[in-house]
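# Fold and contact review
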Amino acid sequence: MLFFSFFRTLVDRNVQVTVELKNDLCITGTLQSADQFLNLKLANVSVNDPDRYPHLLSVKNCFIRGSVVRYVHLPAHEVDTESLQDSCRREAKQVGPNR
């Protein structure tokens, strides 16, 4: 649930992200929503390689299923690594060593 909460904070700030899919397609857009399966909804979409994917030039909004995502590239200034590490530690303590 930690990453779901993290992505929800990014949605609230309308962060622009680049999503790399398992088929090597990279899509950049404004993060509109994210759910617990890390399905993502992007607005103001652009394709990073328009010569290879010219049919996607007219797409402005898209839904990306979480199972096809390879990476989500985030702007460095949007990620508070210190608070994210603290949250990871707190969650690990709650689960305990035996799970």
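Described in the following lines is the structure provided in the data block. (Residues numbered from 1 in each chain as written. Predicted model: local features only at pLDDT ≥ 70, side-chain atom pairs only at ≥ 80, totals over all residues. Heavy atoms only, no water.)

On to the overall build of the chain, then. Along the backbone of the chain there are 2 helices and 5 strands. Sequence-ordered secondary structure for the chain, helices as α and strands as β, is α-β-β-β-β-β-α. For the C-alpha atoms alone, the extent of the chain along its principal axes is close to 50 × 25 × 20 Å. For the chain, the residues scored as buried account for 32% of the 99 residues in total. Taking all contacts inside the chain whose residues are at least 6 apart in sequence as the whole, residues at least 24 apart take part in 46%. When the accessible surface of the chain is summed, it comes to about 6800 Å², and 50% of that surface belongs to carbon and sulfur atoms. (Helix = DSSP H or I, 4+ residues; strand = E, 2+ residues; numbered from the N terminus. Buried < 20%, exposed > 50% of the residue type's maximum accessible area, 1.4 Å probe, protein only. Contact = heavy atoms within 4.5 Å. Areas by Shrake-Rupley, 256 points an atom, 1.4 Å probe, with all protein chains shown as cover.)

Within helix H1 (residues 2-12) the residues assigned to the buried category are Leu2, Phe6, Phe7, Leu10 and Val11. Contact partners of the buried residues in H1: strand E2 (26-34), strand E3 (40-47), strand E5 (69-73) and helix H2 (81-95). At the exit of H1 stands Asn14, carrying a positive phi of roughly 50°.

Pairing between the strands of a sheet comes from backbone hydrogen bonds, and it takes one of two forms, parallel or antiparallel. Taken together, the 5 strands give an open sheet; going across it, the order is E4-E3-E2-E1-E5, and neighbouring strands pair in antiparallel fashion. Each end of this open sheet is capped by a strand with a single partner; those strands are strand E4 (61-64) and E5. Strand-to-strand, the axes of this sheet are offset by a mean angle of 40°, without reference to chain direction. As paired elements, strand E1 (residues 16-21) and E5 share 4 bridges and run antiparallel to each other. Considered in E5, the bridge of Thr18 is made with His73. (Pairing = 2+ DSSP bridges. Axes fitted to C-alpha atoms, helices over the stretch in contact; angles between N-to-C directions.)

Now for the environment of Val11. Along the chain, Val11 turns up in helix H1. Counting along the chain gives 29 residues from Val11 to Leu40, while the straight-line C-alpha distance between them is 9.8 Å. Setting aside chain neighbours within four positions, we find Val11 in contact with Leu31, Gln32, Ser33 and Ala34.

To continue, consider the side chain of Glu78. Its location among the elements puts Glu78 in the loop between E5 and H2. Among the residues examined, Glu78 registers a relative accessible area of 19% and is labelled buried. Among residues more than four places away in sequence, those in contact with Glu78 are Leu10, Arg13 and Val15.

What follows covers the packing of aromatic side chains. In the structure shown here, the tally under the stated rule is 1 aromatic pair. Measuring from ring centre to ring centre gives 5.8 Å for Phe6 and Phe7, while their planes differ by 75°; the resulting arrangement is edge-to-face. For Phe6, a relative accessible area of 11% puts it in the buried group. The exposure class assigned to Phe7 is buried, which follows from its relative accessible area of 8%. (Phe/Tyr/Trp six-rings, centres within 6.5 Å; stacked < 30°, edge-to-face > 60°.)

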